[in-house]
Amino acid sequence: MLVLTRKKGQVVIIGDEIMVKVVDVAGDYVKIGIDAPPEVSIRRLEVYESIAKENVHVAQSVREAGAGAVQELSKLISRRDK
Amino acid sequence: MFDTPQKIFFFQGIPGFEDVREYVLTPDREGVFFHLKGEHRPEASFLLMNPFLVYPDYAFDLKKTDQDVLELNCLEDARVFVMVNLQGGLNQATVNLLGPVVINDRNLRGMQLVLEDSPYTTRHPIIPNLQEKED
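Residues numbered from 1 in each chain as written. Chains lettered and ligands numbered in written order. Predicted model: local features only at pLDDT ≥ 70, side-chain atom pairs only at ≥ 80, totals over all residues. Heavy atoms only, no water.

A. Quick peek at the overall build of chain B. When its secondary structure is counted, chain B shows two helices and eight strands. Listed by position from the N terminus, the elements making up chain B come as β-β-β-β-α-β-β-β-β-α. Since a compact globule built from 135 residues should have a radius of gyration of about 14 Å, the 15 Å found for chain B is in line with a globular shape. Within chain B, the proportion of its 135 residues that are buried is 54%. Total accessible area on chain B is roughly 6500 Å²; 48% of this is exposed by carbon and sulfur atoms. With 12 positive and 21 negative side-chain charges, chain B shows a spacing of 6 Å between the two charge centroids. (Helix = DSSP H or I, 4+ residues; strand = E, 2+ residues; numbered from the N terminus. Rg over C-alpha atoms; globule rule 2.2 N^0.38 Å. Buried < 20%, exposed > 50% of the residue type's maximum accessible area, 1.4 Å probe, protein only. Areas by Shrake-Rupley, 256 points an atom, 1.4 Å probe, with all protein chains shown as cover. Lys, Arg positive; Asp, Glu negative; His and termini not counted. Charge placed at Lys NZ, Arg CZ, Asp CG, Glu CD.)

B. Summary view of the overall build of chain A. Secondary structure summary: chain A contains one helix and three strands in total. Rg of the C-alpha trace for chain A: 22 Å, well past the compact-globule value of 12 Å for 82 residues, more than 25% over. For chain A, the spread of C-alpha atoms along the three principal axes comes to 60 × 30 × 30 Å. Residue burial in chain A is summarised as follows: out of 82 residues, 21% are buried. Averaged over its 13 positive side-chain charges, chain A has a centre that lies 5 Å from the centre of its 12 negative ones.

C. Expanded view of the side chain of T94(B). Considering the arrangement of structural elements, one finds T94(B) in strand β6 (residues 94-104). T94(B) sits in the buried class, given a relative accessible area of 11%. Excluding anything up to four places from it in sequence, T94(B) contacts E54(A), M83(B), V84(B), N85(B), R123(B), H124(B), P125(B) and I126(B). (Contact = heavy atoms within 4.5 Å.)

D. View of the sheet that holds strand β2 (residues 18-26) of chain A. All names here are of chain A. On the basis of which strands lie adjacent, the open sheet formed by three strands has the order β1-β2-β3 and antiparallel pairing. Sheet topology places β1 (11-14) and β3 (29-35) at the edges, where each strand pairs with a single neighbour. Averaged over neighbouring strand pairs, the angle between their axes works out to 25 degrees when direction is ignored. Pairing analysis gives seven bridges linking β2 to β3, with the strands arranged antiparallel. Bridge pairing links V25 to V30 in β3. (Pairing = 2+ DSSP bridges. Axes fitted to C-alpha atoms, helices over the stretch in contact; angles between N-to-C directions.)

E. Summary view of the pairing of strand β4 (residues 45-49) of chain B. All names here are of chain B. Where burial is concerned, most of β4 is hidden: five out of the five residues are buried. In this sheet, β4 lies alongside strand β3 (residues 33-38) in antiparallel orientation, the contact comprising five bridges. Bridge pairing links H35 to L47 in β4. Counting the residues in the hairpin turn of β3 and β4 gives six residues.

F. Representation of the nonpolar core. In this structure, F46(B) and M49(B) are the most contacted members of the largest nonpolar core, which totals 57 residues. Mapped onto this core, the elements with two or more residues apiece are α1 (45-81) of chain A together with β1 (6-10), β2 (22-27), β3, β4, α1 (64-70), β5 (78-85) and β6 of chain B. Ignoring sequence-local partners within four residues, the contact set of M49(B) consists of I77(A), V32(B), F33(B), V54(B), V80(B), F81(B), V82(B), V84(B), V95(B) and I126(B). (Core = buried A, V, L, I, M, F, W, Y, C linked by side-chain atoms within 4.5 Å.)

G. Structural detail: the packing of aromatic side chains. Residue and element names in this part refer to chain B. One pass over the full model with this rule turns up eight aromatic pairs over all chains. Both rings, one in F52 and one in Y58, keep their centres 6.0 Å apart while their planes meet at 45 degrees; by these two values the pair is tilted. Y58 gets classed as buried once you look at its relative accessible area, which sits at 6%. Taken together, F10, F17, Y23 and F46 form an aromatic cluster joined through their ring pairs. In this arrangement the basic side chain of R109 is found over the ring face of F11, its NZ or CZ atom lying 5.3 Å from the centre. (Phe/Tyr/Trp six-rings, centres within 6.5 Å; stacked < 30°, edge-to-face > 60°. Lys NZ or Arg CZ within 6 Å of the ring centre and 35° of its normal.)

This is a description of form; function is not addressed.
Take a look at the structure:
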């Protein structure tokens, strides 16, 4: 990993189109501003990882639960919905 | 729409299964759940449902960048699903409101959003909400 030291207000350019600016630094928190083309997805890693982890659980639960459980829950929901 | 199995293309894959992009979406008999299964990758298999059946006030912003990924020109073409976790059995079933799955009706492109600054989590119970509705 490339590690750079930047001060508040300074900018890093990645490729031709992505700019990362250190907007503010306060204690443990660094506020960064990012300019990037729309096709570049920018996400907080923890949120993405929490969803990826949940998806693995969901896939596992689907394999383990079987069709019967799905059908039962399905009936429960459609009954309440009427 | 979606009464019969449909091929759905997830351009960015699904978090945790980034390399699986081609899926088949199949409704169950009751019409409540949908099975989303990786076309050649059965281990990438998810259970989806309409979130508004259990959380009628559910809402989130569909960002312009996400609309572009889906090539969504008109918000009415967006179908919203959430993933159902059945771990711990029927009574413990939860839905992931932090990562809704949005499918463009028109071109059958799909993506799972990763909501930022959202009040939701990955696990909201299904059953307690059903019981509240009954009272």
